Protein chains: 2
Amino acid sequence: GRDKTQLIAYADRFGGSLAELSQLLRDDLDGVFDGVHILPFFTPFDGADAGFDPADHTQVDERLGSWRDVKELSRTHHVMADMIVNHVSHTNPAFRDVVENGEDSEYADMFLTFSAVFPDGASEEELATIYRPRPGMPFTHYRWGDKTRLVWTTFTPQQIDINVATGAGRQYLENVLDALASGGVTQVRLDAVGYAVKTPGTSSFMTPQTYEFIDSLAERARERGMSVLVEIHSHYENQVEVAKRVDQVYDFALPPLLLHAIHSDDIAPLTKWLELRPLNAVTVLDTHDGIGIVDIGGDGAKPGLVTDEQLSALVESIHDASDGASRKATGWAASNVDIYQVNCTFVDACGSSKAYALARAVQVFTPGVAQVYYAGLLGAHCDLELLERTGVGRDINRPYFTAEQVRARLRDELVADQVELLRLRRTHPAFDGSCTITADPEAASLAIEWRQGEDVCTLTANFAEKSYAISHS
Amino acid sequence: GRDKTQLIAYADRFGGSLAELSQLLRDDLDGVFDGVHILPFFTPFDGADAGFDPADHTQVDERLGSWRDVKELSRTHHVMADMIVNHVSHTNPAFRDVVENGEDSEYADMFLTFSAVFPDGASEEELATIYRPRPGMPFTHYRWGDKTRLVWTTFTPQQIDINVATGAGRQYLENVLDALASGGVTQVRLDAVGYAVKTPGTSSFMTPQTYEFIDSLAERARERGMSVLVEIHSHYENQVEVAKRVDQVYDFALPPLLLHAIHSDDIAPLTKWLELRPLNAVTVLDTHDGIGIVDIGGDGAKPGLVTDEQLSALVESIHDASDGASRKATGWAASNVDIYQVNCTFVDACGSSKAYALARAVQVFTPGVAQVYYAGLLGAHCDLELLERTGVGRDINRPYFTAEQVRARLRDELVADQVELLRLRRTHPAFDGSCTITADPEAASLAIEWRQGEDVCTLTANFAEKSYAISHS
C-alpha cells in the first residue's frame, strides 16, 4: 500500500553519503519511515541550485555513491527521486555541444529557444503574459555555433530549459526515467513541471497542455513501475484540480495555515482547508524550499484561504518568531530563486518547540503521506553561519549533519517525540480506517480522530495554548 | 578658449557639499583647474546608481546645496554636469503616476515600452541583436494602471528608459537642459547617450538614428550656450567616427593602453593610438566608472588596439598589481552595472606610485582637455572597506574625503607633483602651440613636445624604467 511516513533529506547533508543515509534509516530510525525522498544525488549534487541543475541526470554523483547504493536502499525503503523536467545545467555536455556547433549539433532540438515557441515573433502582451517564478524575462543570450540566440531559462540563466515538444527532448526524459527505474526508484517527484510546456499566448504555467504533458509523463513512469508526485505552488483551487488528475500532490497550503493558526489563534482558514483539501496528498511542514506563502494567497480576482492582510501579518509573524533570521534569507535579501517563499526553519517559524510539536502532530494526523524534512526532524534552528558563507537564502534551512551528529540529535526530547509520533502513525491500525475532523473555532482547537473497527486514535490540538494530546486504543 | 584642465568629483565625496567643493577649488587648488565636472548632484544624489538614476533631474539635492551654489561656482570655473538622457529612477513622480494610472496618465508617452518599439511584436533575431551593457534582456515587468507591461530598462530594473521619440520625452529633455543652463552649467556630458534611441532590427546602440538624436540634442544645448561631451564606450574606430560629429568625446582608450605599456613595456599599441586618436578629446586616467577595457579590444571581426591575449593579460596584470583588490570588485564578483570594466583605483592598477606618476604625466601632455578624477588626484588606494559595506564594485574607487582630509592629502608628494604638473599645463604658453610625439619602441620610451614660437615644453617618458622627465623653456 501507500507509504504512511517518509523522510526527505539530502544524502550529503544527512549522513554524508547514500550509504550513511541508508544506515541511519535502517538502524537508528528503524521502523520510523516507510519511504525516503532523497533530494537530487545526480551529477553534480552541488551545482548552482543544490542538485536541481544536473549536468548528467542519469548518473549518481560518485562522491555520494552509486546506483547500487540506491538499489540496495530500495530493498527496505521506498525511494522517491526528483525528475528535473524543465531544465539542465548549462554545463550539460549536450548543451555545450550546441553552444559549440549550433544547428549542426545533434542536440540542437533538445533545448528551448525563443523562436521555437514564437517562430513569427512575440508581442509585448504575449511576453508579459508568461508566468515566471522570479522577476525578469525568462530568456538568456547564449552562443549557438556562430550565432547568438535567446535560450529559454525559466529559473536562472544557468538553467537551460528542455524543449519537451521535440523528439530529442522527449528522448532525454525517457533516458532519465530509465535511469531512475533501473536504480530502484518507485516514486518520481516531477520538479517544477508546471513550467515545462510553453504555449504561445498563454501563461505557459499549468495550462491544459501542461496537464496533457503530465498525463503522458505519468503514463511513461507507470510503464516502468513508478508513480508520480507533482510539485506545484499555486492557488489552492488549482491544487484541488491538479489532484484529480495525478497520482499525488503536495499539500503546500497546510504549513502556512498551521503557522497562521499558531500566530493568530485563528483556525478558520485551516478548518476550511481541511474540509476541501485533496486526500491523495503528501503533507509537509518544512521542505528543502522555503515556506510557500503564495499557496494560501489570492490570485487576481480569486480570493485565497487568507486575506492579503492576514498573509502580510503571517510573514511578519515568522520574521518576529525567528528573531529576524528569516528576514535575512528571504526575498530580495539573499539570492533567491523564488521570492514568494519565506526561508526559515520550521521550528523557528513557529517561535517555540512547543508550538512546533503541535504543528507536527497535526500534520502527522492529517490524511495523506506524512513527509518529514530532516532539518525539522532534528529540530534545527536557522543556520545563519551557512547563510553567511554561501549567500543562498534557502541554506538557512539546509544544515549539514554528519551521521554522528544525527545520532546525537536523536536523543533530544523534541526529536524523540517526533520519532514516537511517526512510529504510532506507521503502526497503529486506526490509521488504516477513516478520519473525522471536528473544530471548535472559539477555543481554537481541533480534534482529528482515526477509527477502524475497535481501533481509535485521536489527536486534540489547542492552538490558543499551543498544546496537544493523543489518545489511542 | 577650451579648458586645459578639469577636475571630476562628487560633491558629497570631495568636500561634502557644493559649497565645500567650491572652496577647495578656489582656495586650496587655486590656479590648478579651469573647469570641474561635478558628478550628479540632482535629487537624489545617492540613489541606486550614485546619482545616475535621478527622481528629479531638474532639482539640486538639497543635502548638497542649491542651484545658487552651482551658479556661484560658475563665476570662477567652467561647470560640466551630467545629462542622464536614457532613463530616470523608478521613483520619478511622473513614472509613479503611470504605474498608478496607466494610459490615463498624462506622462504615459514619456516612458519606453516594448510595444512602442515593436508594435507588431519582435522576433528572436530582433531581440538578440539589441546591444546591452549587461547580461539579460532590457525589459522589466511594471504595473501600468490595471495592466502589466514590459518597460524598457537598459541598465537596471530600477532605471526606466525615456521614450525620446515622443513629445513628452522630448519635453522632459528640454526641461533638464533649461535647468542646467539656468544653473550656470556650460558643458553637458551626455551620459549613456549611445543607448537612448531604439530602432527595431538594429543593435539600438550608436546607430545612424542615434547620431541624428545627438546632433539635435547638441543643437538644443548650443542654443542655451552649452557645449556637449559624449560618453561612449566602444571599438576605437567608432570613437574616431563619433568625434567627427560632436563637440568632444572621451579618450577612453588611453588609460588601458598606458596600463598595457606599464605592465608589458610594449608601447606599440599606445603609439598607434596617439597617431590616430581624435584631438577634440577629454583625456582621463581614472573616472567614477571602472577602467574601460572594451575600448581597446576587438569587435567581432574588427581587431582592437591590442589582441585578445594582450587584453586578458592586462586584466590579470591589474588584478596582480592591486594585490587582488580589483578582482573583488569586478565582473560577477560585485553587483556591477557594467561587466566590461575593471574596478580599481588607478594608483593600484599601476602597481606603484612611480608608474602612476608616469601615466599621469603622459595623460596631461596628451592633446585634449586633461581631466583628473579626485581619487587619482589624491593618490587613493582601493577602498575595500567601502566595497565591503555597500557591495557595489565601483565603490572601490569612489572614496569619501571631507574638506579637511582633502587638505591633508594635498601635502602628499605624489599629490603635490600632480598639482604642479597641472599648473604647468594650464600656464605654460607652449601648450597653446603644436604637439609632436616621437616614439622609441626599443627603449619603450616616448617624447611629447609642445612648441609655440620660442616656448617649448617636453616630456620624455620611459615605460621600461617607469620614469619621466619634463624640460621647459
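The coordinates are above.
What you see as residue numbers is a count from 1 along each chain, following the sequence as written. Chains carry letters from A onward and ligands carry numbers from 1 onward, assigned in written order. Whole-chain, interface and lining totals are the exception, using all residues; otherwise, since this is a predicted model, local features are given only for residues with pLDDT of at least 70 and side-chain atom pairs are given and counted only at 80 or more. Hydrogens and waters are ignored; side-chain quantities use all the structure's heavy atoms.

**A short note on the overall build of chain A**
A tally of regular secondary structure across chain A gives 18 helices and 22 strands. Over its C-alpha atoms, taken along the principal directions, chain A stretches across nearly 70 × 50 × 45 Å. For chain A, the residues scored as buried account for 61% of the 473 residues in total. Only runs of H or I of at least four residues qualify as helices and only runs of E of at least two qualify as strands under DSSP, and these elements are numbered from the N terminus. For every residue, the accessible area obtained with a 1.4 Å probe (protein chains only) is divided by the maximum for its type, and the residue is called buried under 20%, exposed over 50%, and partly exposed between those limits.

**Quick word on the sheet that holds strand β3 (residues 35–38) of chain B**
Residue and element names in this part refer to chain B. With respect to topology, eight strands assemble into a closed barrel ordered β1-β3-β6-β11-β12-β13-β14-β17, the strand pairing being parallel. Neighbour-to-neighbour, the strand axes of the sheet open up by a mean angle of 30°, direction not taken into account. Paired strands, in this sense, are two strands between which DSSP finds at least two bridges. Across two bridges, strand β14 (residues 281–283) lies against strand β17 (residues 369–373) in parallel orientation. In the strand pairing of β17, T283 is matched with A370. Helix axes are fitted only over the stretch in contact, all axes being lines through C-alpha atoms; the angle between N-to-C directions runs from 0 to 180 degrees.

**Structural notes on unusual backbone geometry**
Each neighbour pair has its own omega, and for T43 of chain A with P44 of chain A the value is -10°, a cis peptide bond. In this structure, P44 of chain A sits in the loop between β4 (42–43) and β5 (56–60). Positive phi, normally seen in glycine, also occurs at M206 of chain A, with a value near 50°. On the accessibility criterion, M206 of chain A (13% relative accessible area) is buried. Positive phi, normally seen in glycine, also occurs at S204 of chain B, with a value near 60°.

**So, the pattern of salt bridges**
Salt bridge criterion: a side-chain nitrogen from Lys or Arg within 4 Å of a carboxyl oxygen from Asp or Glu. Per the counting criterion, the structure on display carries 64 salt bridges over all chains. The network of salt bridges with shared partners includes D82, R189, D191 and E231 of chain A.

**Points about the side chain of S105 of chain A**
Residue and element names in this part refer to chain A. Mapped onto the elements, S105 comes out in the loop between α3 (93–101) and α4 (114–117). Any pair of nitrogen or oxygen atoms within 3.5 Å is treated as a polar contact; in protein, a donor-acceptor pairing is required on top of that, and neighbouring residues in sequence qualify only through side-chain atoms on both sides. Polar side-chain contacts of S105 include one of 2.7 Å to the side chain of D97. If sequence neighbours within four positions are ignored, S105 has contacts with D97 and V98. In what follows, residue pairs with any heavy atoms lying within 4.5 Å of each other are defined as contacts.

**Considerations on helix α8 (residues 236–245) of chain B**
The periodicity of an α-helix, 3.6 residues per turn, causes residues three or four places apart in sequence to face the same way. Residue and element names in this part refer to chain B. Listed as buried for α8 are Y236, Q239, V242 and A243. The arc that holds every buried residue of α8, seen down its axis, measures 110°, which confines them to one face. Buried residues in α8 make contact with α7 (208–223), β12 (227–230), β13 (248–251) and α10 (268–276). Of all possible arcs, the one meant is that of the directions from the helix axis to the C-beta atoms.

**Describing the interface of chain A and chain B**
Each partner contributes to the interface: chain A provides 17 residues, whereas chain B provides 17 residues. In short, buried area is how much 1.4 Å probe accessible area vanishes from two parts on joining, totalled over both. When chain A packs against chain B, the two sides together hide about 1600 Å² of surface, and 62% of this comes from carbon and sulfur. The largest contributions to the chain A side of the interface with chain B come from E124, M137 and H141 of chain A, which together make up 42% of the buried area. Joining chain A to chain B, the criterion identifies two salt bridges. Of the charged contacts, one joins R149 of chain B and E124 of chain A as a salt bridge, the two residues approaching to 2.6 Å between their closest N and O atoms. Where chain A touches chain B, the interface holds eleven residue pairs in polar contact (both at pLDDT 80 or more). Contributions of two or more residues to the side of chain A that touches chain B are made by α4, α5 (124–129), β8 (139–144) and β9 (147–152) of chain A.

**Concerning the sheet that holds strand β21 (residues 455–462) of chain B**
All names here are of chain B. Reading across from one edge, β19-β20-β21-β22 is the order of the four strands in this open sheet, with antiparallel pairing throughout. Each edge of the sheet is formed by a strand with only one pairing partner; in this case those strands are β19 (434–440) and β22 (467–472). Averaged over all pairs of adjacent strands, the angle between their axes in this sheet comes to 10°, without regard to strand direction. As defined by bridge partners, strand β20 (residues 445–452) adjoins β21 across eight bridges and the pair is classed as antiparallel. Looking across to β21, one finds that W450 is bridged to C457.

**A few points about the nonpolar core**
Soluble globular proteins tend to bury their nonpolar side chains together. The term nonpolar core refers to a set of buried residues drawn from Ala, Val, Leu, Ile, Met, Phe, Trp, Tyr and Cys, joined through side-chain atoms within 4.5 Å. Ranked by internal contacts, the top residues of the largest apolar core, which has 146 residues, are L7, F14, M83, F111, L180, L190 and F463 of chain A. Per-element tally for this core: the top contributor is helix α14 (residues 353–365) of chain A, with nine residues. Listed in part, the 145 residues of the second largest apolar core include L25, I38, V151 and A370 of chain B.

**Focus: the packing of helix α9 (residues 254–264) of chain A against helix α11 (residues 308–321) of chain A**
Residue and element names in this part refer to chain A. With their axes 10 Å apart at the nearest point, α9 and α11 run at an angle of 75° to one another. Put simply, α9 runs roughly perpendicular to α11. Judged by residue contacts, P256, L259, H260 and H263 of α9 engage Q310, L314, S317, I318 and A321 from α11. Here the term charged refers only to Asp, Glu, Lys and Arg, the term nonpolar to Ala, Val, Leu, Ile, Met, Phe, Trp, Tyr, Cys and Pro, and the term polar to all other amino acids, Gly among them. Of the residues belonging to the contact of α9 with α11, the class tally is five nonpolar, four polar and no charged. Under this scheme an angle from 65 to 115 degrees is roughly perpendicular, one under 35 degrees roughly parallel, and one over 145 degrees roughly antiparallel; angles in between are oblique.

**Digging into the packing of aromatic side chains**
To pair, rings of Phe, Tyr and Trp, with the six-membered ring standing in for Trp, must have centres within 6.5 Å; the planes then decide the type, stacked if under 30 degrees apart, edge-to-face if over 60, and tilted in the middle. Here the structure, examined in full by the defined rule, presents 41 aromatic pairs over all chains. Between Y374 of chain A and F401 of chain A the ring centres are 6.4 Å apart and the planes differ by 90°, which places this aromatic pair in the edge-to-face class. With Y374 of chain A in helix α15 (residues 374–377) and F401 of chain A in strand β18 (residues 401–402), this residue pair connects regions lying 27 residues apart in the sequence. Ring centres of Y131 of chain B and F205 of chain B lie 4.7 Å apart, and the angle between their planes is 35°; on these two criteria the pair is classed as tilted. Pair noted here: Y131 of chain B is in the loop between α5 (124–129) and β8 (139–144) and F205 of chain B is in the loop between β11 (187–191) and α7, with a separation of 74 residues, a long-range link. What makes Y131 of chain B partly exposed here is its relative accessible area of 34%. Owing to a relative accessible area of 12%, F205 of chain B belongs among the buried residues under this scheme. Ring pairing ties together the aromatic residues Y10, F14, Y373, Y374 and F401 of chain A, which thus form one cluster. We note R149 of chain A situated over the ring of W144 of chain A; from NZ or CZ to the ring centre the distance is 5.1 Å. Charge-over-ring placement is defined geometrically: NZ (Lys) or CZ (Arg) within 6 Å of the ring centre, and within 35 degrees of the ring normal.

**Let's talk about the relation of the copies chain A and chain B**
Rotating chain A by 180° and moving it 0.0 Å along the rotation axis overlays it on chain B with an RMSD of 0.0 Å. Within this description, the copies of the chain are treated as partners about a two-fold rotation axis. All copies are superposed by least squares; the fitting set is the C-alpha atoms of residues with a pLDDT of at least 70 in both.

**Focus on the packing of α14 of chain A against helix α18 (residues 413–427) of chain A**
Each pair of packed helices can be summarised by the angle the axes make with each other and by the distance between the axes. All names here are of chain A. Viewed as axis vectors pointing N to C, α14 and α18 meet at an angle of 15°, and their least axial separation amounts to 11 Å. By the angle class used here, α14 and α18 are roughly parallel. Between α14 and α18 the crossing geometry is right-handed. Touching S353, Y356, A357, R360, A361, V364 and F365 of α14 are L414, Q418, L421, L422, L424 and R425, all from α18. Of the residues in the contact of α14 with α18, the class split is nine nonpolar, two polar and two charged. A clockwise turn of the near helix away from the far one marks a right-handed crossing, whereas an anticlockwise turn of less than a right angle marks a left-handed crossing.

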